[in-house]
Amino acid sequence: MNPRLTAIAGRLKGSIFSIEDLPVVIGRETNATLCIADASVSRRHSQIEKEDEQFVILDLDSLNGTFVNDVPVKRRTLQHGDRVRIGDSQFLFLMHDGEAASQSSEVEFDEGQIVSGSTLQVRFNDALYLMARDLSALMKVSTTINAIRGMEELQKTLLELLFEVVPAERGAILLVDNGAQGPEAEFTSVFGLDRRRGPDESIKVSRTITKWVLHHEEALLISNQAEDKGFGATADSLTADRPGSVLCVPLVMLQRTLGVIYLDTREPDAIFDKDHLQLVSAISAITAVAMENARHIEWLVSENQRLIADFNIEHNLVGESPPVREVLQFIAKVAPTDSTVLLSGESGTGKELAARAIHQNSKRAKKSFMAVNCAALAESLLESELFGHEKGSFTGALAQKKGRLEIADGGTVFLDEIGELSPALQVKLLRVLQEREFERVGGTRTIKIDIRLITATNKNLEEAVNDGTFRQDLYYRLNVVSLEMPPLRDRQEDIPLLAKYFAAKYGEKCNRRVTGISAEAQARLRGYDWPGNVRELENALERAVVLGTTDHILLEDLPESVLESESPASAPATRYHEAVAQTKRQIILNAMQQAKGSYTEAAKLLGVHPNYLHRLIRNLNLKEQLKK
């Protein structure tokens, strides 16, 4: 295991930080284990520790938050391949080098200059007409490598094919990044192979030769190098390893150099000649395209996996509080089953997100997920929406229409606000649950379906059953497995994570840079009781992003309802907002005193609606004072 952080974006891009001495403190201060000189990074931003053989990242109450796979976290166990974002910097957390042992030999660079030898230079274009020279070898190379998609397997096969036509002992393929050109380009990928010992033998290549070929885009042959005095006889590059012949050709595609192929031998009787140089040059022209295609395919696969992961994150519940962990544990238990699930809780607590999570983790995940809000449509329209209708079944039914239940066959149907269902539709839904069949509106043919039903409500269905507005038998059918979604006021520790998540989401959506939330705004967000739950918090953050004028969300960017709430004792409230709130309290207390405790009369005196007065009293925490 080789735990490390690889910087993929930001000031430290390209750097690799080994995780050895724990804990690893990440921040802006100079004595941090990993120092990031970035104003968007807190002095002590986050920390990586080890718990039970696993690595855990902790956010140290940073101003702008710590993100893992684009989700803000307070504490998260890191997995191999996780993306960690801190300020403007992004890192990949890696624990091991790969799933299987590498098939490549270790490749080392010799930093010396080229020793003189019998040297032959040939331009890349001069070798093209010779591609038919050894048609049999070229055809074998072409048909073999074009059937390979994996980059490592492609390089290994290419070197093995070269060993069949060139008397080389060792070979290496060295590649540069896409777009890297000129003398400053560096090799970012190396693959080496020893003809006899395979990948277990370390291979030393001349950096001078490989860089010269890469820069000049010309093939180079040095044979009997100890005797010839022609090419760079000023230093001893290959004396220690003493290869008898060296051959190096560029990999060129569409006038762009991808890298080089390097071959050498120490056998005194195996001397590379001009024919070998021309043949390898021709082979490199064929393989450059295949190699670029293989690299592109690997990038597409990794990008596809990243996009799928990002898509799933969008539908995950954000939060790490005990109530959220209980919800996730519930989802993990019920998702693999086909049981009907009833989700209850206040509006805006994320019932549809929970329903989607259940569907995505079930065996029906590849089938449809149909969401219907029972309160959004009139009874006649809802019946047609759910069950479909036949042509001519009612005025305006110009064609046959399949209902949501029929379309979702094999998948999951989510019925939100199930408590608003009319008695007639309750009977039809009960039959669907019992028999898994129904008829379209105006139809006579019975339609069989295979669906999983998840319902949600913000009402107390037991009270509705007692009142006679909801069928008892349907309630028992729906309430096989139930979960009450926690309100946001019961998971206040998740508010900073949610706020940072929504700020980042709408900052990107509105094309506005938002680097964090001020301490005053965060304190006021935590002090508000959020009657609209997560939905209200999301709307408040979207408003703040749209109306804000700085790269931080400030207290004055928040909605008035949040500003009216009493600032918690730990909040560093500003004088202006505290003075405004105090003035509102005094005005309301005076009005209530004049109205002798009557809310209606006090509302008239103030010129506001009684409901608004009730909200002000609740937000300003005046109930206890009014009771005295």
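Each value, and the rule that gives it
- Residues numbered from 1 in each chain as written.
- Predicted model: local features only at pLDDT ≥ 70, side-chain atom pairs only at ≥ 80, totals over all residues.
- Heavy atoms only, no water.
- Helix = DSSP H or I, 4+ residues; strand = E, 2+ residues; numbered from the N terminus.
- Contact = heavy atoms within 4.5 Å.
- Polar contact = N/O pair within 3.5 Å; in protein donor to acceptor, adjacent residues only side chain to side chain.
- Salt bridge = Lys/Arg side-chain N within 4 Å of Asp/Glu carboxyl O.
- Buried < 20%, exposed > 50% of the residue type's maximum accessible area, 1.4 Å probe, protein only.
- Phe/Tyr/Trp six-rings, centres within 6.5 Å; stacked < 30°, edge-to-face > 60°.
- Lys NZ or Arg CZ within 6 Å of the ring centre and 35° of its normal.
- Core = buried A, V, L, I, M, F, W, Y, C linked by side-chain atoms within 4.5 Å.
- Pairing = 2+ DSSP bridges.
- Axes fitted to C-alpha atoms, helices over the stretch in contact; angles between N-to-C directions.
- pLDDT = per-residue confidence, 0-100.

*Asks:* When you look at the environment of K448 in this model, what are you seeing that I'm missing?
*Replies:* Secondary-structure assignment places K448 in strand β26 (residues 446–448). Separated by ten residues in sequence, K448 and F438 place their C-alpha atoms 6.9 Å apart. When sequence neighbours within four positions are dropped, the list of residues in contact with K448 reads E435, R436 and E437. Among the polar contacts made by the side chain of K448, one reaches the side chain of E437 at a distance of 2.6 Å.

*Asks:* Could you clarify how one ought to interpret the pattern of salt bridges in this entry?
*Replies:* In a structure, side chains of opposite charge can pair up when their charged atoms sit close to one another. The tally for this structure, following the rule as stated, stands at 34 salt bridges. With a shortest N-O distance of 3.6 Å, E169 and R266 are connected by a salt bridge. Of this pair, E169 sits in the loop between α2 (151–165) and β14 (170–176) while R266 is found in the loop between β19 (256–265) and α4 (274–314), placing the two residues 97 residues apart along the sequence. The class for E169 is buried, based on a relative accessible area of 10%. Classification of R266 as partly exposed rests on a relative accessible area of 35%. When the shortest N-O distance is used, the salt bridge between K459 and E420 registers 2.9 Å. With K459 in the loop between β27 (452–457) and α10 (461–467) and E420 in the loop between β24 (412–416) and α9 (423–435), this residue pair connects regions lying 39 residues apart in the sequence. Look at the salt bridges and you will find they share partners, linking E169, R196, R266 and E267 into a network.

*Asks:* I'm lost on unusual backbone geometry in this one. Help?
*Replies:* Negative phi characterises most residues that are not glycine, and trans characterises most peptide bonds. The amide bond that connects L22 to the next residue, P23, takes the cis arrangement and shows omega of 0°. Inspection of the secondary structure assignment puts P23 in the loop between β2 (16–18) and β3 (24–27). Unlike most non-glycine residues, E217 shows phi in positive territory, near 55°. Here N511, not a glycine, exhibits a phi torsion of approximately 55°, which is positive. Summarising the element assignment, N511 is placed in the loop between α12 (495–509) and β29 (516–517).

*Asks:* How do you make sense of the packing of aromatic side chains when you look at a structure like this?
*Replies:* We describe a pair of aromatic rings using the distance from one ring centre to the other and the angle between the two ring planes. What the rule picks out here adds up to seven aromatic pairs. Arranged with centres 4.6 Å apart and planes meeting at 80°, the rings of Y528 and W530 form a pair that is edge-to-face. Overall, Y528 belongs to the buried group, its relative accessible area being 3%. For W530, a relative accessible area of 0% corresponds to the buried category. Between R85 and the ring centre of F67, over which it is positioned, the NZ or CZ distance is 4.1 Å. Of note, K428 hangs over the ring of F387, and the distance from its end group to the ring centre comes to 4.3 Å.

*Asks:* Got a minute to help me understand the nonpolar core in this structure?
*Replies:* The nonpolar side chains of a soluble globular protein tend to be buried with one another. Residues L162, L247, L251, L263 and M291 are the most contacted members of the largest nonpolar core, which totals 37 residues. Sorting the residues of this core by element identifies α1 (135–145), α2, β14, β15 (187–194), β17 (218–223), β18 (245–253), β19 and α4 as the ones contributing at least two each. A per-element tally of this core places α4 first, with ten residues. In contact with L162, other than residues within four places in its own chain, are I261, L263, V280 and I283. Counting 30 residues, the second largest nonpolar core, distinct from the first, contains I447, L453, L461 and Y475.

*Asks:* I'm lost on the side chain of E29 in this one. Help?
*Replies:* Locating E29 in the fold gives a position in the loop between β3 and β4 (34–35). On the accessibility criterion, E29 (12% relative accessible area) is buried. Once residues within four sequence positions are removed from consideration, E29 is found in contact with C35, R43 and R44.

*Asks:* What should I look at first to understand the sheet that holds β24 in this one?
*Replies:* Within a sheet, adjacent strands bond to each other through the backbone by hydrogen bonds, running parallel or antiparallel. As summarised here, the arrangement of the five strands in space is β21-β24-β27-β20-β28, forming an open sheet in which the pairing is parallel. The sheet terminates laterally at β21 (369–373) and β28 (481–484), the two strands that pair on one side only. Across the sheet, the axes of successive neighbouring strands diverge by a mean angle of 15°, strand direction being ignored. Bridge count for strand β20 (residues 341–344) against β28 is four bridges, and the pairing is parallel. In the sheet register, S344 faces β28, and the bridge partner there is E484.

*Asks:* How do you make sense of the sheet that holds strand β7 (residues 66–68) when you look at a structure like this?
*Replies:* Strand order across the open sheet formed by six strands is β2-β1-β11-β10-β7-β8, with antiparallel pairing between neighbours. Each end of this open sheet is capped by a strand with a single partner; those strands are β2 and β8 (71–73). With direction set aside, neighbouring strand axes in the sheet form an average angle of 30°. This element, α12, spans β7 and β8 of the sheet and lies at about 155° to β8.

*Asks:* Quick question: what am I supposed to make of the confidence of the model for the protein chain here?
*Replies:* Do not read the fine detail of predicted coordinates wherever pLDDT is low. Looking at the protein chain, pLDDT values average 82 and 85% of them are 70 or higher. Predicted confidence for residues 229–240 stays below pLDDT 50, and this span has 38 contacts to residues more than four positions away or in other chains.

*Asks:* How do you make sense of the pairing of β18 when you look at a structure like this?
*Replies:* When a strand is regular, its side chains alternate between the sheet's two faces. Most of β18 sits inside the fold, with nine of its nine residues counted as buried. Bridge analysis of β17 against β18 gives four bridges, and the strand direction is antiparallel. Among the inter-strand pairings, L220 is bridged to a residue of β18, identified as C248. Taken together, the nine bridges between β18 and β19 define a ladder with antiparallel strand orientation. Counterpart to V252 in the pairing with β19 is T257.

*Asks:* Can you walk me through the environment of R170 in this structure?
*Replies:* Relative to the helices and strands, R170 resides in strand β14. Note: C-alpha distance between R170 and K204 (34 residues apart in sequence) is 9.2 Å. A polar atom in the side chain of R170 sits 3.0 Å from the side chain of D264.

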